[in-house]
Amino acid sequence: MKTLYFDNNATTMVAPEVLEEMLPFFSEQYGNPSSMHRFGGQVGKHLTLARDRVAKGLGCEPDEVIFTACGTESDNTAFFAATMAQPGKKHIVTTKVEHPAVLNVAQRLERHGYDVTYLGTDSQGRLDMDELRDSLRDDTALVSIMYANNETGVIYPMPEIAEIVKARGILLHTDAVQAVGKVPFKLSELPVDYLALSGHKLHAPKGVGALYVRRGSPFRTFMLGGHQEHGRRAGTENTTGIVALGKAVELATQHIEAENTQVRALRDRLEQGLIKAIPDTRLNGHPDERLPNTSNISFKYVEGEAILLMMDQHGICASSGSACTSGSLEPSHVLRAMGVPFTYAHGSIRYSLSRYNTDAEVDTILEAMPPLIERLRELSPFKKDQENEPPACTC
Ligand SMILES: *Cc1c(COP(=O)(O)O)cnc(C)c1O
C-alpha cells in the first residue's frame with residue numbers, strides 16, 4: 001500500500017538533493033573541522049557554506065547563526081541566554097499555545113521562582129496585542145511567542161509583536177520551527193533577538209537545528225565544553241546534519257513561492273472538499289492568517305485517535321489533536337486555549353502538506369474520509385446532549 005504522507009508538521013522527508021549533499025560527510029569527509037590539518041579543515045569550509053546558506057535564507061548575518069541539535073535545544077538556549085544574562089528580571093511572557101519545547105521550559109522557570117504570563121487566544125487562535133502590551137513589566141526578562149502554530153498553522157503578527165516588545169526594551173524570542181521554509185524571512189528588518197528553527201521540519205534530517213542570535217543581543221552558552229560555534233555551542237559539530245540544513249534552507253527559499261501557491265491550493269482543495277462532503281465539520285484556526293500547508297479540521301462526535309487508526313488502514317498519515325493519556329482523553333492544549341467545544345476538539349485531525357504531495361493523493365483522501373467518518377459516527381459513544389462534557393476514554 002502506498003503511503004500518503006500528510007504529517008509534515010511532525011517531520012518531513014529528507015529532500016533527495018539534501019541527502020546527496022550530506023552523503024560524503026558520512027564517508028570520506030569524516031574529518032573534524034576543529035583539527036589543524038587540511039583533511040579536517042576542508043570540512044570546516046562546508047560548515048561555513050552551510051552557515052552562509054542559512055543566513056541568506058533568514059536574511060541575517062552568518063555570525064548570527066548557531067547550529068544546534070534540534071528546535072528544542074534552540075528554544076531552550078534562548079530562554080537560558082535571556083534569563084542568565086538578566087538575573088534580576090524574574091518575569092516571562094509566553095502563550096498558552098506554544099510547543100512543549102517552550103511551555104515546559106517556562107514551567108521549569110516557574111518552579112524556580114519566575115512569574116510567567118501565558119497569553120490566551122481568541123476562538124480562531126489569534127493573540128490580543130493589547131493583552132500582550134499590558135502583560136509587559138519592568139522585570140520582564142523575555143517574551144517568547146511562536147511564529148506559527150504547529151497544530152493549527154495560525155501565524156502570529158511578529159512585526160507588530162516585535163514593535164510592542166522592543167518599545168519596552170525587552171528581549172524577544174520566536175519559535176519559528178514551523179515557519180522557516182513556509183514564509184519568507186528578513187531578520188535584518190525584524191527586531192527579534194532569538195529565533196529557533198529545526199532541520200527535520202524542512203526536509204533536512206532529524207538531529208540538527210539552529211538558533212539565530214541577533215548581533216548585540218545577550219547570549220549565554222547552554223552547552224559548555226569546547227570552542228565550537230565560536231564558543232557559543234560546544235560539542236563536535238554534526239557535520240552531516242549542518243551541511244544538510246544549509247542545503248535544505250537554500251532549497252526551501254527557492255520553493256517558498258510554490259509553497260504559497262501550489263501547496264496552498266492543494267491544502268485548500270483538501271480542506272474545502274472535506275468540509276463540503278462531511279456534515280458537522282469545522283476548521284480550527286484563522287482561515288487566512290495561517291501557514292499555507294496546514295489544515296486542522298474537527299469532525300464532531302468522533303474521536304481523533306479512532307479516525308487516525310482508520311486513516312492508517314488507507315495508508316494516510318496525519319495527526320490528531322487529542323492524546324489518550326492515563327485513561328482520559330485530553331484534547332490538545334492549543335484547541336482548549338481556543339475554546340473549541342469538546343465534541344469538536346476530540347475529533348480534530350491535522351493535515352500538514354509538503355511540496356511532495358500530489359493532486360492524486362488529495363483525491364484519495366477526499367474519497368476515503370466521508371465513509372470513514374460516517375462509519376465512526378455510527379459507532380460513536382458521543383451523544384448530542386453531551387456538548388460540553390468530556391467523554392470517557394474509549395481507546
Ligand atoms: C517540531 C517543533 C519543535 C521541536 O523541534 P525538534 O527539532 O523536534 O526538537 C519546536 N517547536 C515547534 C513549533 C515545532 O513544531
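Basis of the calculations
- Residues numbered from 1 in each chain as written.
- Predicted model: local features only at pLDDT ≥ 70, side-chain atom pairs only at ≥ 80, totals over all residues.
- Heavy atoms only, no water.
- Patch = residues over 30% accessible without salt bridge, like charges linked within 9 Å, V, L, I, M, F, W, Y side chains within 5 Å.
- Areas by Shrake-Rupley, 256 points an atom, 1.4 Å probe, with all protein chains shown as cover.
- Salt bridge = Lys/Arg side-chain N within 4 Å of Asp/Glu carboxyl O.
- Helix = DSSP H or I, 4+ residues; strand = E, 2+ residues; numbered from the N terminus.
- Near = heavy atom within 4 Å.
- Polar contact = N/O pair within 3.5 Å; in protein donor to acceptor, adjacent residues only side chain to side chain.
- Pairing = 2+ DSSP bridges.
- Contact = heavy atoms within 4.5 Å.
- Axes fitted to C-alpha atoms, helices over the stretch in contact; angles between N-to-C directions.
- Expected span 1.5 Å × (residues − 1).
- Buried < 20%, exposed > 50% of the residue type's maximum accessible area, 1.4 Å probe, protein only.
- Domains from an automatic or database assignment.
- Buried area = accessible area lost by both parts, 1.4 Å probe.

**Here we look at a nonpolar patch on the surface**
Next up, step 1: Taken together, the side chains of Leu19, Leu23 and Phe26 define a hydrophobic patch exposed on the protein surface, amounting to about 310 Å² of accessible area.
Next up, step 2: Note on placement: Leu23 falls in the loop between helix H1 (16-22) and helix H2 (38-58).

**As for the site of the ligand**
Next up, step 1: Surveying the vicinity of the ligand reveals 13 residues, the closest of which are Thr72, Asp175, Gln178, Ser198 and Lys201.
Next up, step 2: Measuring from an oxygen atom of the ligand, one finds a side-chain N or O atom of Thr72 at 2.6 Å.
Next up, step 3: Within the contact set of the ligand, a nitrogen atom lies 2.7 Å away from a side-chain nitrogen or oxygen of Asp175.
Next up, step 4: Sort the elements by how many residues they give to the shell around the ligand and helix H3 (residues 71-85) lands first, with 3 residues.

**Section: the side chain of Ser74**
Next up, step 1: Structurally, Ser74 is set in helix H3.
Next up, step 2: Within the structure, Ser74 has its side chain in polar contact with the backbone oxygen of Ala210 (distance 2.9 Å).

**Considerations on the sheet that holds strand S9 (residues 281-284)**
Next up, step 1: Strand order in the open sheet formed by 4 strands is S9-S10-S15-S12, and the pairing between neighbours is antiparallel. Both outer strands of the open sheet, S9 and strand S12 (319-320), are each paired with one neighbouring strand and no more.
Next up, step 2: Here S9 pairs with strand S10 (residues 294-299) via 4 bridges, running antiparallel. Looking at S10, one finds that Thr281 is bridged to Phe299.
Next up, step 3: Each of S9, S10 and strand S15 (348-352) is contacted by helix H8 (residues 239-277), which is oriented at about 10 degrees to S10, the strand it contacts most.

**Looking at helix H4 (residues 100-111)**
Next up, step 1: Look at H4: 16 Å from first C-alpha to last across 12 residues, which is about the 16 Å you get at 1.5 Å a residue.
Next up, step 2: Among the residues of H4, those classed as buried are Ala101, Val102, Leu103, Val105, Ala106 and Leu109.
Next up, step 3: Tucked into the core, H4 has its buried residues touching H3, strand S3 (91-95), strand S4 (115-119), strand S5 (140-144), strand S6 (171-175) and helix H10 (333-337).
Next up, step 4: Positive backbone phi, at 95 degrees, marks Gly113, one or two positions downstream of H4.

**Description of the domain arrangement of the protein**
Next up, step 1: Split into domains, the protein comes out as domain 1 (4-11 + 256-379) and domain 2 (16-254).
Next up, step 2: The centre of domain 1, based on its C-alpha atoms, is set 28 Å off from the matching centre of domain 2.
Next up, step 3: Of the residues lining the interface, 29 residues belong to domain 1; the matching set on domain 2 comes to 34 residues.
Next up, step 4: For the pairing of domain 1 and domain 2, the buried interface totals around 2,600 Å² over both sides, and the portion due to carbon and sulfur atoms is 53%.
Next up, step 5: The three residues of domain 1 that bury the most area against domain 2 are Ile256, Leu291 and Met338, which together make up 24% of that side's buried surface.
Next up, step 6: Between Arg126 and Glu289 there is a salt bridge, with the nearest N and O atoms lying 3.7 Å from each other.

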